[in-house]
Amino acid sequence: MEIIELKDYEFVRIKGPESLQFLQGQVTCDTEKLNAEASLVGAICNLKGRVVSDFRLILDGDGCLLKTQLGMAEIIIGTLNKYAIFSKVELIIETEFSRVIGFLGEEGKNYLSKIVGTLPKNAGDRKNFLKTIVIRLPGESERFEVWVHKEETQYWEFIKDKIEFNDAWSREDLLQGIFHITPKNTEEYTPQLLNYDITGVIDFSKGCYTGQEIIARMHYRGKAKKRLFLLSTNNVITKDSEVNYVNLEESHKAKILAYTNKSKDSSSLSLFFAILETKIANTNIKLELSDQQDSILKIESLPYAL
């Protein structure tokens, strides 16, 4: 059973009578689909159609609660406040939720159900347990996030002896093709490069939002030339590792955007994300780590089609 203390998160609260209306004009998800039993993934983009931040959004109180990556809350507030002056909304860093706990696998699911009762059924579904929020995440493995309200922190203390500190959660994100924006890569990538256009982060049926015209044009004009790929290797990835490959006699480098290394005591492989030319998937082009030329890299399948 894996119960994992998650650390890389922050919350932003958007409150006020026009919260949903305001967000609908700023984010890539359709806030009209939010209800008391649903959460949505989405992104905030700039006018050039590049991703400022991704997030998970729920209704809470008189507005919305947005969970994002560590270091992103101030960036999100700074971005949205430029438009908030025209609406009856207020954006603040939320500190009422003091912990986020991940439950992974069948045993983790069963353990959580003994605490909170019936669990959310489908990916993205949520339920309240007192003031704590339970959300089912996508994936073949049973996976739930529990957002613990500070008033209930003591209630969850009894599981502290079962808490693990490992990268199993990050590894599951990689296997699901989920890439999160951090301060070091904000406004660097388009949604298409990160596969956000095919994973539900972008809702192409909703109305306008910041960057929408450019994002829609890229989506409808034809096949993407580059995409986010999941790769594996038996080697250990370092902070200096990049992907090297030669295509049409030209040398290319690709940055490694996120990774988890293999465990020393298991047969698992190191996994990582890199943005590569889409045509590479159908070729025999050799891919290697820039700092380990004896390495062999393999493109792994994702739970969605590229």
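Provided above is the structure to which this section pertains.
Bear in mind the structure is a predicted one, so any value in this text is a computation, not a measurement.

**Q** An account of helix α4 (residues 168-175) is needed here, citing residue identities and associated values.
**A** Among the eight residues in α4, six count as buried, and that is most of the element. Looking at α4, one finds that the buried residues are A168, W169, R171, E172, D173 and L174. Buried residues along α4 sit against β1 (2-6), β7 (97-104), β10 (143-149), β12 (226-233), β14 (250-260) and β15 (270-277). Residue G177 follows α4 closely and has a positive phi angle near 70°.

**Q** Which residues make up the sheet that holds strand β13 (residues 242-247), and what values do they have?
**A** One open sheet holds the six strands; their spatial order is β16-β13-β14-β15-β12-β17, and the pairing between them is antiparallel. The open sheet has two free edges, formed respectively by β16 (288-289) and β17 (297-300), since each of these has just one partner strand. Sitting on the sheet, α4 is in contact with β12, β14 and β15, with an inclination near 35° to β15.

**Q** Outline the sheet that holds strand β4 (residues 51-60), listing residues and values.
**A** Read from one edge to the other, the open sheet built from five strands follows the order β3-β4-β5-β2-β6, with strand pairing classed as antiparallel. For this open sheet the edge positions go to β3 (40-45) and β6 (90-94), each flanked by a neighbour on one side alone. Within this sheet the neighbouring strands show an average axis-to-axis angle of 35°, counted without direction. Judged from the five bridges that link them, strand β2 (residues 10-15) and β6 form a sheet pairing that is antiparallel. Note on β6: the bridge partner recorded for K15 is E90. Across the sheet, helix α2 (residues 73-84) is in contact with β2, β3, β4, β5 (63-68) and β6; its angle to β6 comes to roughly 175°.

**Q** Lay out the pattern of salt bridges in plain terms, naming residues and giving numbers.
**A** Scanning all chains against the criterion turns up 18 salt bridges. Of the charged contacts, one joins E96 and K150 as a salt bridge, the two residues approaching to 3.2 Å between their closest N and O atoms. Note that E96 is positioned in the loop between β6 and β7 and K150 in the loop between β10 and β11 (163-164), a separation of 54 residues in sequence. With relative accessibility at 44%, the residue K150 sits in the partly exposed group. Note that E157 is salt-bridged to R99, the shortest N-O span being 3.4 Å. Remark: R99 occurs in strand β7 and E157 occurs in the loop between β10 and β11; sequence separation between them is 58 residues. On the basis of relative accessible area, R99 is assigned to the buried category, the value being 10%. Ionic contacts of the salt-bridge type, sharing partners, join the residues E5, R99 and E157 into one network.

**Q** Got a sec to walk through unusual backbone geometry? Specific residues and values, please.
**A** The backbone of L130 shows a phi angle near 55°, a positive value even though the residue is not glycine. Structurally, L130 can be placed in the loop between β8 (126-129) and β9 (132-136). Even without a glycine there, the phi angle at E187 is positive, about 65°. By the secondary structure assignment, E187 is in the loop between α4 and α5 (212-220).

**Q** For the environment of A305, give the residues involved together with the corresponding values.
**A** Summarising the element assignment, A305 is placed in the segment after β17. For the pair A305 and T199, spaced 106 residues apart in sequence, the C-alpha separation works out to 9.5 Å.

Cut-offs and rules
- Residues numbered from 1 in each chain as written.
- Predicted model: local features only at pLDDT ≥ 70, side-chain atom pairs only at ≥ 80, totals over all residues.
- Heavy atoms only, no water.
- Buried < 20%, exposed > 50% of the residue type's maximum accessible area, 1.4 Å probe, protein only.
- Helix = DSSP H or I, 4+ residues; strand = E, 2+ residues; numbered from the N terminus.
- Contact = heavy atoms within 4.5 Å.
- Pairing = 2+ DSSP bridges.
- Axes fitted to C-alpha atoms, helices over the stretch in contact; angles between N-to-C directions.
- Salt bridge = Lys/Arg side-chain N within 4 Å of Asp/Glu carboxyl O.

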